[in-house]
Each structure stands twice: as C-alpha cells, then as structure tokens.
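A structural walkthrough
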Amino acid sequence: MGETVIETGMVLSATPVGEYDKRLVILTRERGRIAAFARGARRLNSPFMAGSRPFSFGSFELYEGRNSYTVSSMSISNYFTELSDDFMGALYGFYFLELADYYTRENVDGSRMLKLLYQSLRALLNCHIPDRLVKIIYELKTMSVNGEAPQVFSCTCCRGEEGPWKFSMARRGLLCEECAKKQKDGFRVSEAAVYTMQYIISSTVEKLYTFNVSDAVLRELDEMMELFCRVTIDKKMKSLEILKSMY
Ligand SMILES: [Zn+2]
C-alpha cells in the first residue's frame with residue numbers, strides 16, 4: 001500500500017500527459033528530485049492548474065504509489081509570477097531549473113539545492129544584481145554543493161597559497177606562478193576574481209547575493225565559468241543555448 005507524504009518543493013518542469021494531466025518534476029527537500037502526476041491539471045477548473053507550472057514553490061501532498069507519485073493537493077506560496085514579466089529573467093530562470101534538474105537525484109537530500117535555487121530566482125528579481133552575476137554565482141555554488149567546484153584556495157600542484165594566479169581547466173583550479181610554467185593551459189586570473197570565487201564557495205546561501213563586482217571582473221568570471229561548465233557538465237542544456245542566443 002502506498003502512503004501520503006507532504007513535501008516542500010519547487011516544480012522544475014511540467015509536461016502534458018494524456019488529455020488533461022501533467023507530469024511534474026519536483027525538487028523536494030527530503031526526497032530529492034521526484035516525478036509526480038497531477039491528474040486533471042490541464043482542466044480549467046482544476047485546483048492543480050496554477051501550481052503545475054515551472055517555478056511553483058510550496059507544499060505538495062503526494063500519494064506514493066509503487067512506481068510514481070500522484071499529487072493529492074498542493075499549497076503554493078510563490079509562483080514567481082514576476083519572472084513571466086521579465087523575458088530575460090525567465091530565460092535565466094529556466095536555465096537554473098535545468099541545471100538543478102541535472103544535479104539532483106531521487107532519494108538524495110535536496111534541501112541545499114532547493115534553498116539555493118529559491119534564493120537564486122529571487123536574486124534574478126533583484127535589480128541591483130546583474131543577471132549575469134547571478135548566473136555565475138548560481139553555477140559555481142551549484143557545483144560546490146555537489147562537490148565539483150574548482151580548487152581556488154591554493155595551487156592545485158604545490159598547495160602554495162601565494163599568487164599571482166593562473167587558472168588551469170585541466171587541473172580544475174589554480175596554479176601558482178612557478179607551477180604554471182610546467183602546465184600549458186593556464187591563463188591569468190585576477191586576484192579579485194579569485195577572491196570572488198572563494199567567497200561564493202565558502203559563503204552561506206543567505207549571504208550569496210549581497211555583493212557586486214566590476215564589469216571587468218564580471219567578464220573574467222563569465223568567460224571562466226563558461227569554460228569550466230563546459231568541461232564539467234556533460235549535457236547540452238537547451239535553456240542555456242536559448243539564453244546565449246539572446247546575449
Ligand atoms: Zn604551485
């Protein structure tokens with residue numbers, strides 16, 4: 001016999017199924033990323049209609065069947081409707097959802113990723129922080145939460161802590177001046193960029209979106225994260241392609 005569970009979560013994607021239903025992928029706090037059917041969600045008078053969309057965040061009552069979950073009720077506390085009025089913001093948002101989907105699994109605690117995703121979507125709505133910076137922070141912190149962040153606290157070769165620094169994609173992190181002479185792929189990285197990455201990796205989620213950087217550092221981080229994502233993430237993100245075509 002199945003049981004009913006209540007989970008806090010966010011809808012990452014919603015796909016039409018059959019005539020009236022939807023299949024939701026929900027990132028939940030305790031059960032990680034799960035799939036759940038919202039029966040009748042495409043009927044106009046359905047109580048699931050509004051919440052069965054990407055970005056819907058709240059509490060989901062789920063019936064756990066043998067192979068899948070079925071939504072029995074939902075109480076949405078944030079639909080992130082402001083994102084639908086912000087074209088670029090929504091494109092970034094969809095990419096954030098896709099990246100969260102890539103990095104999460106069923107039955108693996110999803111609490112840190114859920115919190116990070118929620119705060120990052122809120123940061124997209126904050127006009128004081130450029131969306132490009134929010135993207136860099138979210139990407140780097142996502143990798144950090146999942147144990148894939150680059151080594152930016154010391155030289156990946158000799159463990160030395162003295163700059164000036166170069167960054168090596170092959171070694172996935174910093175190289176000091178001496179060690180960089182032996183490694184060919186290192187490129188120069190500014191102290192400000194290194195410090196920013198250190199801050200992002202060591203900061204709590206609550207304090208992540210409380211700073212800004214100069215245009216030069218933003219460009220530097222942008223280029224670096226793009227390369228780093230390419231060597232780290234072995235999936236083509238559809239939403240990222242769309243986002244890049246709009247730059
Ligand atoms: Zn070194």
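Residues numbered from 1 in each chain as written. Predicted model: local features only at pLDDT ≥ 70, side-chain atom pairs only at ≥ 80, totals over all residues.

Some thoughts on the overall build of the protein chain
Let me state the cut-off plainly: In this text, helices come from DSSP runs of H or I with a minimum length of four residues, and strands from runs of E with a minimum of two, each type numbered from the N-terminal end. Counting other C-beta atoms within 10 Å of a residue's own tells you its class, since 20 or more makes it buried, 12 or fewer makes it exposed, and anything in between is partly exposed; those C-beta atoms are placed from the backbone. A pair of residues counts as a contact when their C-beta atoms, built from backbone coordinates, are within 7 Å of each other.
For the protein chain, the helix and strand inventory stands at eight helices and eight strands. With respect to the principal axes defined by its C-alpha atoms, the protein chain has extents near 65 × 40 × 30 Å. Each of the 247 residues in the protein chain was classed as buried or not, and the buried ones make up 36%. The long-range share in the protein chain, meaning contacts at least 24 apart out of those at least 6 apart in sequence, stands at 56%.

Describing unusual backbone geometry
Only a minority of non-glycine residues have a phi that is not negative, and only a minority of peptide bonds are not trans. Looking along the chain, the bond that leaves Gly 163 and enters Pro 164 is cis, with omega of -5°. Positionally, Pro 164 belongs in the loop between helix H3 (131-145) and strand S6 (165-168). For Arg 159, which is not glycine, the phi torsion reads 70° and is therefore positive. By the secondary structure assignment, Arg 159 is in the loop between H3 and S6.

Topic: the sheet that holds strand S8 (residues 187-189)
Let me state the cut-off plainly: Only strands that DSSP links by at least two bridges are regarded as paired with each other. Axes here mean lines fitted to C-alpha atoms, for a helix over just the part in contact, with angles spanning 0 to 180 degrees between N-to-C directions.
Spatial strand order, S7-S6-S8: three strands in an open sheet with antiparallel pairing. The strands lining the two open edges of the sheet, one partner per strand, are strand S7 (173-176) and S8. Sheet twist, expressed as the average angle between the axes of neighbouring strands with direction ignored, equals 50°. Pairing between S6 and S8: three bridges, direction antiparallel. Opposite Trp 165, over in S8, you have Val 189 as the bridge partner.

With respect to the environment of Val 17
Within the fold, Val 17 resides in strand S1 (residues 3-17). Through-space distance from the C-alpha of Val 17 to that of Arg 39 is 9.1 Å; in sequence the pair is 22 residues apart. Apart from residues no more than four positions distant in its own chain, Val 17 is found in contact with Lys 22, Arg 23 and Phe 37.

Some remarks on the sheet that holds strand S2 (residues 21-28)
The strand order around the closed barrel formed by five strands is S1-S2-S3-S5-S4, and the pairing between neighbours is mixed. Sheet twist, expressed as the average angle between the axes of neighbouring strands with direction ignored, equals 50°. Where S2 meets strand S3 (residues 32-38), seven bridges bridge the pair, whose relative direction is antiparallel. Across the sheet, Leu 24 pairs through a bridge with Ala 36, a residue of S3. Where helix H1 (residues 87-103) meets the sheet, its contacts fall on S1, S2 and S3, and the angle it forms with S1 comes to roughly 120°.

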